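Reading the structure
Spelled out, the chains give:
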Amino acid sequence: EKIDLQIKDSFNITAIDYACKNGFDKIVQYFTSLSEVDLTKVNINGLTALHFACKFENFEHFQYLINLRVFDLNQKNEDGETILFYAVENWKLDFVEYLIDLDQIEITDVTNDGKTLLHAACQKDPSDFNMYLFQYLRGLNKIDVNAKAGIYKRNIFHLACQYGNK
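Computed from a predicted model, the values in this text were never measured in an experiment. Numbering of residues starts from 1 in each chain and follows the order in which that chain's sequence is written. For a predicted model such as this one, the threshold for reporting local features is a pLDDT of at least 70, and the threshold for listing and counting side-chain atom pairs is 80 or more; totals across whole chains, interfaces and linings nevertheless cover every residue. Water and hydrogen atoms were dropped before computing side-chain values, which therefore reflect all heavy atoms in the structure.

This brings us to helix α4 (residues 59-67). Here α4 has its buried residues at H61, F62, L65 and I66. One face of α4 carries all of its buried residues, which in axial projection span an arc of 130°. Exposed side of α4, more than 90 degrees from the buried face: E60 and N67 are the residues found there. Looking at the buried residues of α4, the elements they touch are α1 (15-22), α2 (25-33), α3 (49-55), α5 (83-89) and α6 (93-101). Residue R69 follows α4 closely and has a positive phi angle near 55°. Working definition: with a 1.4 Å probe on protein chains only, accessible area under 20% of the residue-type maximum means buried, over 50% means exposed, and in between means partly exposed. Put simply, DSSP H or I for four residues or longer makes a helix, DSSP E for two residues or longer makes a strand, and each gets a number counted from the N terminus. Here the arc refers to the set of directions running from the helix axis out to each C-beta atom. Contact between two residues is taken to exist if any of their heavy atoms lie within 4.5 Å; hydrogens are not considered.

Have a look at this one:
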């Protein structure tokens, strides 16, 4: 009997997602070598194996998965967020820099409610990391700093002051 590696648990997560989350190199490489494994399948939150590698800081798996060239890196979830938004929202600066350096990422995209990458960077607690991420994204000079987003139509300065960012 053929093994179905696409079976999802009650959270709609596959075995490859867990392997990426937990950093199991050999399992990730084995699963990705199998033609019956669809790495691009999303769970109920719109996440793929790529998201799990990002969230749980498995940078080597993240690079490995991207190098397979099966993911549309500009694909949006139901909220209009790309993998780059996900990396920003999860404070993964090395992932953000890597994605931007690929030159296939659309960094000026906005979410369904108008949020830019700078909005995502400002919606976190104040920290040196967050400030560095904000300055890095701002330094790209491609994102509208005055863009308003969300139901309250806040720009990045509203958010920075709300969340205590300097």
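Now that the structure has been shown, we can carry on.
Each residue gets a pLDDT score, which is the predictor's confidence in that residue and runs from 0 to 100. For the chain, per-residue confidence averages 80 on the pLDDT scale, and 83% of positions sit at 70 or higher. No element of the chain has a lower mean pLDDT than helix α9 (residues 156-162), which averages 66, and none a higher one than α4, which averages 90.

A word on the nonpolar core. Definition used in this section: a nonpolar core is a set of buried Ala, Val, Leu, Ile, Met, Phe, Trp, Tyr and Cys residues joined via side-chain atoms within 4.5 Å. In terms of nonpolar packing, the biggest core is built from 41 residues, with F62, L99 and L137 touching the most fellow members. Elements that contribute at least two residues to this core include exactly α1, α2, α3, α4, α5, α6, α7 (117-122) and α8 (128-139).

Two rings from Phe, Tyr or Trp (for Trp, the six-membered ring) form a pair when their centres sit within 6.5 Å of each other. Planes less than 30 degrees apart are called stacked, planes more than 60 degrees apart edge-to-face, and all others tilted. Taken as a whole and assessed by the stated rule, the structure comprises five aromatic pairs. Ring geometry for Y30 against F31: centres 6.0 Å apart, planes inclined by 45°, an arrangement best described as tilted. Looking at F31, the relative accessible area reads 11%, which means it is buried. Centre to centre, the rings of F62 and Y98 are 6.3 Å apart; their planes meet at 65°, and the pair counts as edge-to-face. In this pair, F62 is assigned in helix α4 and Y98 in helix α6, connecting sequence segments 36 residues apart. Y98 shares its class with F62; the two are buried. Linked through ring pairs, F59, F62, F95 and Y98 together constitute an aromatic cluster.

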